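# Summary of structural features
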Amino acid sequence: MSSTETSPAARTVASTQSEMTEIILPNDTNTLGNLLGGRLMHFIDLTGAMAAYRHSRTNVVTAAMDHIDFIRPVHLGDLLTLRSSVNRAFSSSMEVGVKVWAENTRTGTICHVASAYLVFVAIDDKGRRQRVPEALPETPDEFRRFEGALRRRENREAESNRRKQAKIETDAQEDAAVAQP
């Protein structure tokens, strides 16, 4: 197989789609019998990584969980289904969207319970960033998520710059306070 076949210039969003199903057991829940938020975040991270691996075909690391909405509680005994896909790829990073549903195994009722955006970075075996293929949206929903990913990236960068500036100002104030007799 040639290197262009293993690492094409672009991949469709559909080719990155991943799905995972879990049953919620007692060790996944809090004292109310609801799925622990951290456990749900773990499932989201795993499912998101699957989409990122499918897109990049190399190692990936989680760089950010940009946004997560906990919409409804998930209960002991529910079946949890998570679906993910790459929304957009940048040079070495990818935004992945994950949507989560819970199914009540007794009634068959299925509810949307959570959604999240994550950023993964492709790396080689030595931890160096790797370029990733472009993500090609094909459906109206994929185009909507593709455009939204760019806005979310711009917001992440602005927030990162704001935090860096605030740290510089705080460090300067602390240095000035220490220098005063």
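This is a predicted model, so every value here is computed, not measured.

About the cut-offs
Residues numbered from 1 in each chain as written. Predicted model: local features only at pLDDT ≥ 70, side-chain atom pairs only at ≥ 80, totals over all residues. Heavy atoms only, no water. Salt bridge = Lys/Arg side-chain N within 4 Å of Asp/Glu carboxyl O. Helix = DSSP H or I, 4+ residues; strand = E, 2+ residues; numbered from the N terminus. Buried < 20%, exposed > 50% of the residue type's maximum accessible area, 1.4 Å probe, protein only. Polar contact = N/O pair within 3.5 Å; in protein donor to acceptor, adjacent residues only side chain to side chain. Contact = heavy atoms within 4.5 Å. Phe/Tyr/Trp six-rings, centres within 6.5 Å; stacked < 30°, edge-to-face > 60°. Lys NZ or Arg CZ within 6 Å of the ring centre and 35° of its normal. Pairing = 2+ DSSP bridges.

### Brief notes about the pattern of salt bridges
Close approach of charged atoms allows side chains with opposite charge to pair. For the structure on display, the rule yields twelve salt bridges. Salt-bridge contacts for Glu-19 lead to Arg-83; the nearest nitrogen and oxygen are separated by 2.8 Å. Remark: Arg-83 occurs in strand β4 (residues 79-89) and Glu-19 occurs in strand β2 (residues 18-23); sequence separation between them is 64 residues. Its relative accessible area of 39% is what places Arg-83 among the partly exposed residues. Across the pair Lys-167 and Asp-171 runs a salt bridge whose closest N-O atoms are separated by 2.9 Å.

### Some details on the side chain of Ser-115
Structurally, Ser-115 can be placed in strand β6 (residues 110-123). A polar atom in the side chain of Ser-115 sits 2.7 Å from the side chain of His-112. In contact with Ser-115, not counting residues within four places along its chain, are His-67, Ile-68, Asp-69, Val-98 and Lys-99.

### Quick word on the packing of aromatic side chains
For the structure shown, the criterion picks out zero aromatic pairs. Taking NZ or CZ as reference, Arg-88 lies 3.8 Å from the ring centre of Phe-146, over its face. Note that Arg-153 overlies the ring of Phe-90, its terminal NZ or CZ placed 4.1 Å from the centroid.

### Let's talk about the pairing of β4
With nine of eleven residues buried, β4 lies mostly within the body of the structure. In this sheet, β4 lies alongside β2 in antiparallel orientation, the contact comprising six bridges. What sits directly across from Ser-18, in β4, is Ser-84. Summarising the sheet, β4 and strand β5 (residues 93-103) pair through ten bridges and their orientation is antiparallel. Across the sheet, the residue bridging to Arg-83 is Lys-99, located in β5. In this antiparallel pair of consecutive strands, β4 and β5, the connection spans three residues.

It is worth stressing that arrangement in space is one thing and function is another; only the former is reported here.
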